[in-house]
Amino acid sequence: MPMMPDNTTCLNCRQCCRGKGLVYLNHDDEVRAAQYLRMERRDFVKEYCKRSDNWMVLKSKEALDCVFLEKEGCRIYPARPEQCRKFPVNWPYPVTNEDCPHS
Ligand code: SF4
Ligand code: SF4
């Protein structure tokens, strides 16, 4: 769980895994997640990723939930993308209460 700016702990509301925002992937993200799922990287990309402009991003499920968001939480949490690891403490933009209710 990430620590929040006020040193409280992320309450795991999973709001950051929902909605219209995109999860951008770098090469290491793809390799790490594919290894975690015991897949070839190209199969991982085919099944779980799509292109947005020139970027590779995770697909979404219905209601725009991240493709890896399940009832129990993130299916690839130990291997989650760098973007997910950085939110919200090391985020390059101001994080609003709407983005993260505990920020
Ligand atoms: S990869 Fe995991 S942590 Fe990242 S948005 Fe998807 S469900 Fe959330
Ligand atoms: S929105 Fe904030 S509090 Fe909720 S899971 Fe994400 S980081 Fe944690």
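Residues numbered from 1 in each chain as written. Chains lettered and ligands numbered in written order. Predicted model: local features only at pLDDT ≥ 70, side-chain atom pairs only at ≥ 80, totals over all residues.

Visitor: Please clarify how the overall build of the chain should be interpreted in this entry.
Guide: Helix and strand content of the chain: three helices and four strands. Listing the helices and strands of the chain from first to last along the sequence gives α-α-β-β-β-β-α. On C-alpha atoms alone, the chain measures out to a radius of gyration of 14 Å, which is about the 13 Å that the 2.2 N^0.38 rule sets for 103 residues. The long-range fraction of contacts in the chain, counting pairs at least 24 apart against all pairs at least 6 apart in sequence, stands at 56%. (Helix = DSSP H or I, 4+ residues; strand = E, 2+ residues; numbered from the N terminus. Rg over C-alpha atoms; globule rule 2.2 N^0.38 Å. Contact = placed C-beta atoms within 7 Å.)

Visitor: Whenever I open this one, the site of ligand 1 confuses me. Can you help?
Guide: Every residue near ligand 1 is listed here: Cys 17, Val 23, Cys 66, Phe 68, Leu 69, Cys 74, Ile 76, Arg 80, Pro 81 and Cys 84. Class assignment of the residues belonging to the shell around ligand 1 gives a composition of nine nonpolar, no polar and one charged. (Near = placed C-beta within 6 Å. Nonpolar A, V, L, I, M, F, W, Y, C, P; charged D, E, K, R; others polar.)

Visitor: Even after reading the chapter, I still don't get the nonpolar core, so can you show me in this structure?
Guide: What tends to happen in soluble globular proteins is that the nonpolar side chains get buried as a cluster. The biggest cluster of nonpolar side chains holds 14 residues, and the ones touching the most others in it are Leu 58 and Cys 66. Leave out the neighbours within four places in its chain, and Leu 58 touches Val 23, Leu 25, Tyr 48, Cys 49, Cys 66, Val 67 and Phe 68. (Core = buried A, V, L, I, M, F, W, Y, C linked by C-beta atoms within 7 Å. Buried ≥ 20, exposed ≤ 12 C-beta atoms within 10 Å, placed from the backbone.)

Visitor: What should I look at first to understand the pairing of strand E1 (residues 49-52) in this one?
Guide: Remember that side chains alternate between the two faces of the sheet whenever the strand is regular. Pairing of E1 with strand E2 (residues 55-58) involves four bridges; the strand directions are antiparallel. Paired with Lys 50 across the bridge in E2 is Val 57. Taken together, E1 and the strand that follows it, E2, pair antiparallel across an intervening segment of two residues, in which Asp 53 is found at a positive phi of about 55 degrees. (Pairing = 2+ DSSP bridges.)

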